[in-house]
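Listed below, chain by chain, are the residues.
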Amino acid sequence: MSLDKESEVPFTQFACIGTGFSGIALGATIQRWYSISPSSIQFFDSQPCVGGTWSINQYPGAACDVPSALYSLSFERNPNWTRFLPPHDELRAYLTKVAEKYNLVPRMKFNTKVTKAEWIPSPTNPRWRLTILDLETNLTSHHECQFLFSGSGQFNSPRPLDVPGIDSFQGPVIHSARWDHSVSLHDKKVVVFGNGCTAAQIVPSILSSTAHLTQIVRSKHWIYPPVDAKVSPFAKKLLASMPGATLLQRFIVYHLAEADWAGFTLTPSAASFRSRRRRMAEKYMKTTAPEKYHPLLVPEFEIGCKRRVFDSGYLECLHSEKITLTNDKAVEILPHGVKMADGRVVEADVLVLANGFETNTPTTLLPVVGTGGHTLQEHWSETFPGPEAYNCTSLHGFPNFFLLWGPNTATGHTSAVMAIENGVNFALRVIKPCLEGRASVVDVTEQAEREFVERVQEALGKTVFTSETCNSWYTARDRETGRVWNGMTYPWSQARYWWDCMMIKKGDWVYSQVEYRQEEEARIVVHRFRRDCLGWAACLGCKEPEFSFGAGIGWVKVCCCCACSEDMGIGCDRTKGAELIVQTILFTHITVSTILHINHDPPSVGHVSNHRYSCTYFTTSKALSQQPARP
């Protein structure tokens, strides 16, 4: 049943699906950057509360595997984390606090599911129309917006168990992302499917309460020594009282985490890095886990193929007599147990599924209909053999639509929140002309999308993710062509993604209902980077900073452009002088990392060189006077 009439369809400038890190980062940033009222955005979430993945994943032992200093928003650093790796309830409380600070909670509709999003190509009022299902009343309604953001993430559809007979099981069946806290495991025989990061957190958390636990190992993972610890009261007081302490902490943790990126490429230096990490992990696993389980646990594939797992008591708990580990194949679920390939039956009162989520497939997403009635599912099955997006956020034929933490933004070593925040900043830079009234619709070009995607897949083909011994949820093989497609991971460093989100290549975008005049734009010319480049130059003639550098880590404001061109010239139209910026260790680190990465990746040089970039501020006094203060 529909509740609204055509003339009564509510409209907001922004709409976002999801109220996790992506949605909250978006809602906060449009206020911080453009002073846009929270009333201009509407959120929809099928969950009953704020939190996104941390509202969904509430299984015993659920915690982040990235340090809290980095797994948080750069503009809302928190000195009061209780642990180095925060538990799910603390993360959800943090997100709720940030949402309340920016007055976003009143703009959130919970227990509502967006069942369809359709682009309405009106010549006078182009917009997105959403079909909304109220999960409590089962009534449908509509909502319209100018800009649509999908912040539902990549892990929202639990993978069905590929063992027949599960419907015949007489006891509770619990997926880790749908945990039923009303089910008691006390003195129950429990069978757990899976042994990845989630299972490694669940098993030691529930083992003591069970009568017996059987864990069916379906794959192997490299398990690192634990890094979690309580944050002392003194450390929390120091972080809260010392100016810049949380920023410094964030930078140090970022630097340590990003160091693992050095092991992903198929180069001699990366192989050496992986070999050192492998020796460390293998030694830890063999000295901590029972010897009888070593063949079931220690992988043959290289470090980096799958996301590393930090041990949280899992290996030690395998010494308990209450647990049995097996890698025998389960062939059938029976009413009171699991039949194995050798014919034996493992008795079970409760089944726990820690077998992950659907990845690398478009079928799990909501129906999104772009221009010409072309759906997102068709785009990812006909135009491309799998999930992809220009700069991980945008798709040709889907104007004013952005994916937050979209395809190829996942990492195997660091914080997803950094990628989310950079994606939000990138999208808001893209739509800036629309927010200024100089355009109403923006769409990435087909050529730009295709060229970006090919660069990404080519680069991923030179990483450990596609090595012969690697078989992970990051990749999928096209059934017709046999091509390995990785729609999950980012092939370069997070410094590189930060850089790619900094500036907008105007030639890659089509803005409609606006007349662009070149003489009104401040432009940047980027020539070939030199290996001896030391930094960036500030345009001292600029009245306002052109860019805010360091999104996701910290902020350093500078004017436009690079002093490292072949002729060492500055490309800003308003510049009469320049000086080298060495403002912070943070900025120098990211800049040098970016430059070194570009020099070590020849295909990207052609991508970066000889492009003209549009600054985000404009030279006319009228345009400058209309700019809101930026962070």
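Within each chain, residue numbers correspond to sequence positions counted from 1 in written order. It should be noted that, the model being predicted, local features are given only for residues of pLDDT at least 70 and side-chain atom pairs only at 80 or more, the latter also being counted only at that level, while totals for whole chains, interfaces and linings use all residues. Only hydrogens and water are removed before side-chain values are computed, so all heavy atoms of the structure are retained for them.

So the rule is basically this: UniProt positions are given in the numbering used here, feature names are shortened, and annotations may be inferred rather than shown by experiment.
By the naming in an unreviewed UniProt entry, the protein chain goes by Monooxygenase and is assigned to Podospora bellae-mahoneyi. Checking UniProt for the protein chain, the heading Sequence similarities (unreviewed entry) contains the comment "Belongs to the FAD-binding monooxygenase family."

Some thoughts on the nonpolar core
As a reminder of what qualifies: Nonpolar core, defined: a set of buried Ala, Val, Leu, Ile, Met, Phe, Trp, Tyr and Cys residues in which side-chain atoms within 4.5 Å join the residues together. Working definition: with a 1.4 Å probe on protein chains only, accessible area under 20% of the residue-type maximum means buried, over 50% means exposed, and in between means partly exposed. What counts as a helix is a DSSP run of H or I of at least four residues, what counts as a strand is a run of E of at least two, and both are numbered from the N terminus.
Residues F149, L428 and W509 are the most contacted members of the largest nonpolar core, which totals 77 residues. The leading source of residues in this core is helix α11 (residues 416-430), at 10 residues. The next biggest cluster of nonpolar side chains, apart from the first, holds 42 residues, and it includes Y224, I303, V309 and A354.

A look at the pairing of strand β13 (residues 330-334)
Worth spelling out the cut-off: We treat two strands as partners when DSSP finds at least two bridges between them.
As paired strands, β13 and strand β14 (residues 337-340) are joined by 4 bridges and run antiparallel to one another. Looking across to β14, one finds that E332 is bridged to K339. Once β13 ends, the chain turns through 2 residues before running back antiparallel as β14.

As for the state of the cysteines
Our working rule: Note that a disulfide, as used here, is simply two cysteine sulfur atoms within 2.5 Å.
Throughout the structure, instances matching the rule amount to 1 disulfide. A sulfur-sulfur separation of 1.9 Å characterises the disulfide bridge that pairs C305 with C470. Judged by the sign of its S-S torsion, about 85°, the cystine formed by C305 and C470 is right-handed. Here C305 is found in the loop between α8 (294-297) and β11 (309-310), whereas its partner C470 is found in the loop between α13 (446-460) and β20 (475-477), with 165 residues between them in sequence. Here C305 matches C470 in class, with each residue buried. Its sulfur unpaired, C145 is 10.0 Å from the next cysteine sulfur, which belongs to C16.

Topic: the sheet that holds strand β8 (residues 189-193)
Cut-off, in case you're wondering: Here an angle of 0 to 180 degrees is reported between the N-to-C directions of two axes, which are lines fitted to C-alpha atoms, with helices fitted over the stretch in contact. Any two residues having at least one pair of non-hydrogen atoms within 4.5 Å are treated as being in contact.
Taken together, 5 strands build an open sheet; the order of strands is β7-β16-β8-β9-β12 and the sheet is parallel. Where the open sheet ends on each side, the last strands, each with one partner, are β7 (173-175) and β12 (323-326). Each strand of the sheet is rotated relative to its neighbour by a mean of 20°, with strand direction disregarded. Relative to strand β9 (residues 212-216), β8 runs parallel, the two sharing 5 bridges. Bridging across to β9, V192 finds its partner in Q215. The strands touched by helix α4 (residues 197-206) are β8, β9, β12 and β16 (350-353); relative to β9, the strand with the most contacts, the crossing angle is about 170°.

Here's the deal with the sheet that holds strand β15 (residues 345-347)
On the basis of which strands lie adjacent, the open sheet formed by 3 strands has the order β13-β14-β15 and antiparallel pairing. Here the strands that pair on one side only, and so sit at the sheet edges, are β13 and β15. Pairwise comparison of adjacent strand axes, ignoring direction, gives a mean angle of 25° for this sheet. Both β14 and β15 contribute to a ladder of 3 bridges, which runs antiparallel. From the neighbouring strand, G337 faces β15, where its bridge partner is E347.

Describing the pattern of salt bridges
Let me state the cut-off plainly: Salt bridges are identified by distance alone: a Lys or Arg side-chain nitrogen within 4 Å of an Asp or Glu carboxyl oxygen.
Applying the stated criterion across every chain yields a total of 21 salt bridges. The partner of R83 in a salt bridge is D228, and the shortest N-O contact between them spans 2.8 Å. Taken together, the residues span a long stretch of sequence, with R83 in the loop between α2 (53-56) and α3 (88-101) and D228 in the loop between β10 (223-224) and α5 (233-241) at a distance of 145 residues. Using a relative accessible area of 32% as the deciding quantity, one classes D228 as partly exposed.

Notes on unusual backbone geometry
One non-glycine residue, N103, lies in positive phi territory at about 55°. Residue position: N103 is located in the loop between α3 and β3 (108-109).

Topic: the packing of aromatic side chains
Stated precisely, the cut-off is as follows: Any two of the Phe, Tyr and Trp rings considered here, Trp counted by its six-membered ring, make a pair once their centres fall within 6.5 Å; the pair's planes then place it as stacked at under 30 degrees, edge-to-face at over 60, or tilted in between.
Inspection of every chain in the model, using the stated rule, returns 21 aromatic pairs. Ring centres 6.1 Å apart and planes at 90° place the aromatic pair F75 and Y102 in the edge-to-face group. Remark: Y102 occurs in the loop between α3 and β3 and F75 occurs in the loop between α2 and α3; sequence separation between them is 27 residues. Neither F75 nor Y102 differs from the other in exposure class; each is buried. Between Y390 and F452, the aromatic rings sit 5.7 Å apart at their centres with planes inclined by 55°, giving tilted as the arrangement. Note that Y390 is positioned in the loop between α10 (376-383) and β18 (401-403) and F452 in helix α13, a separation of 62 residues in sequence. Across the pair, exposure class does not vary: Y390 and F452 are buried alike.

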